[in-house]
Amino acid sequence: MDDDSRFADFVAERADALLRYGYVLSGNAHDAADLTQEALVRLHRAWSRVRHKGDPESYTRVIMARLHVSVWRLRRRERLEWELPEQPHVDVLPSDVERRLWHALEDLPRKQRPVLVLRYYEELPDAEIARVLGVSRGTVRSHASLGLSKLRLTVADLMTSNGSAG
């Protein structure tokens, strides 16, 4: 099997998962698609080297995280929206509480969100997060702590408002 067909097989198998990862990073379906597409273009350029190392998906996720960071470094402010994907998808739509939690994640400062995504969604250690984002381990811990504090307050508010509504 040649490299191009192996790359095509990889894309066919993992593109949906990478798109979901892009959505978690960016909070926007259009930005997620852009991140995924650009990461796959860059992966294709390095395919023969990356394939021999044995973990092209990890390489692609690092590319996506770095691309996302470079985008928010260029933008002064992100505009995130809650929109359903244009194509049908099989995932169950989030409950109202889950949706509010996603909004809370979107409301985090743009440097805290990727740290939390990489730590809790990707389960990366702080040293790896620091390497991916190009920051110190202390900055990773600081952003994680501040982001979690804000999310905890939001969760407490959600639970309080949910309890009084029911």
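None of these values were measured; they are calculated from a predicted model. For every chain, the first residue of the written sequence is number 1, and numbering continues from 1 along that sequence. Thresholds applied to this predicted model are a pLDDT of at least 70 for local features of residues and 80 or more for the giving and counting of side-chain atom pairs; totals over whole chains, interfaces and linings are not thresholded and use all residues. Only heavy atoms go into the side-chain values, all of them from the structure, while hydrogens and water stay out.

## Describing the pattern of salt bridges
A pair is scored as a salt bridge if a Lys or Arg side-chain nitrogen falls within 4 Å of a carboxyl oxygen belonging to Asp or Glu. A complete count under the given rule lists six salt bridges for this structure. Note that Arg119 and Asp126 form a salt bridge whose closest N and O atoms lie 2.7 Å from each other. By relative accessible area, which is 17% here, Asp126 ends up buried. Here the residues in one salt-bridge network are Arg14, Glu57, Arg61 and Glu122, joined through shared partners. Three labels apply to residues, based on accessible area from a 1.4 Å probe with only protein chains included: buried if under 20% of the type maximum, exposed if over 50%, partly exposed otherwise in between.

## Quick notes on the packing of helix 6 (residues 112-121) against helix 7 (residues 126-133)
Direction vectors running N to C along helix 6 and helix 7 enclose 135°, while the axes themselves pass 10 Å from each other. Considering their axes alone, helix 6 and helix 7 lie oblique with respect to each other. Relative to helix 7, helix 6 is oriented so that their crossing is right-handed. Only Asp126, Ile129, Val132 and Leu133 of helix 7 make contact with helix 6, whose side of the interface consists of Pro114, Val115, Leu118 and Arg119. Here an angle of 0 to 180 degrees is reported between the N-to-C directions of two axes, which are lines fitted to C-alpha atoms, with helices fitted over the stretch in contact. To qualify as a helix, a DSSP run of H or I must reach at least 4 residues; to qualify as a strand, a run of E must reach at least 2; elements of each kind are numbered from the N terminus. Convention used here: angles under 35 degrees read as roughly parallel, angles over 145 as roughly antiparallel, angles from 65 to 115 as roughly perpendicular, and any remaining angle as oblique. Here is the rule for handedness: rotate from the far helix to the near one, and if that takes an anticlockwise turn smaller than a right angle the crossing is left-handed, while a clockwise turn gives right-handed. By definition, residues are in contact when any of their heavy atoms lie within 4.5 Å.

## Description of the packing of aromatic side chains
Here a pair means two rings of Phe, Tyr or Trp (six-membered ring of Trp) with centres within 6.5 Å. Their orientation is stacked below 30 degrees between planes, edge-to-face above 60, and tilted elsewhere. Taken as a whole, this structure holds three aromatic pairs when the rule is applied. Taking the centre distance of 5.3 Å and the plane angle of 75° together, the rings of Phe7 and Trp47 count as edge-to-face. Of this pair, Phe7 sits in helix 1 (residues 3-26) while Trp47 sits in helix 3 (residues 47-53), and the two are 40 residues apart along the sequence. Exposure class is identical for Phe7 and Trp47. Each is buried. Ring geometry for Tyr21 versus Tyr121: centroids 6.1 Å apart, planes at 15°, classification stacked. Within this pair, whereas Tyr21 is found in helix 1, its partner Tyr121 is found in helix 6, the two being separated by 100 residues in sequence.

## Structural notes on helix 2 (residues 29-45)
Given a helix with a known number of residues, its expected span is that number minus one, times 1.5 Å. For helix 2, with 17 residues, the first-to-last C-alpha span of 25 Å sits near the 24 Å given by 1.5 Å per residue. Looking at helix 2, one finds that the buried residues are Ala32, Leu35, Thr36, Ala39, Leu40 and Leu43. Projected down its long axis, helix 2 carries its buried residues within an arc of 125°, all on one side. In helix 2, the exposed residues that point more than 90 degrees away from the buried face are Gln37 and Arg45. Polar contacts, as used here, are pairs of N or O atoms within 3.5 Å; protein pairs need one atom able to donate a hydrogen and one able to accept it. Residues neighboring in sequence count only if both atoms are side-chain atoms. If you check the start of helix 2, you find a side-chain oxygen 2.7 Å away from the backbone N of His30, and it comes from Asn28. Working note: the arc is built from the helix axis to C-beta atom directions.

## Some remarks on the side chain of His143
Its location among the elements puts His143 in helix 8 (residues 137-165). Ignoring sequence-local partners within four residues, the contact set of His143 consists of Lys111, Gln112 and Val115.

## A closer look at helix 1
Residues three or four positions apart in an α-helix share a direction because the helix packs 3.6 residues into each turn. With 24 residues, helix 1 should cover 34 Å at 1.5 Å per step; its first-to-last C-alpha distance of 30 Å lies more than 12% under that length. For a residue, the bend is simply the angle between two axes, fitted respectively to the seven-residue segment ending there and the seven-residue segment starting there. Remark: the principal bend of helix 1, roughly 55°, maps to Arg14. Among the residues of helix 1, those classed as buried are Phe7, Phe10, Ala17, Leu18, Tyr21, Gly22, Tyr23, Val24, Leu25 and Ser26. Just downstream of helix 1 lies Gly27, where phi reads positive at about 75°.

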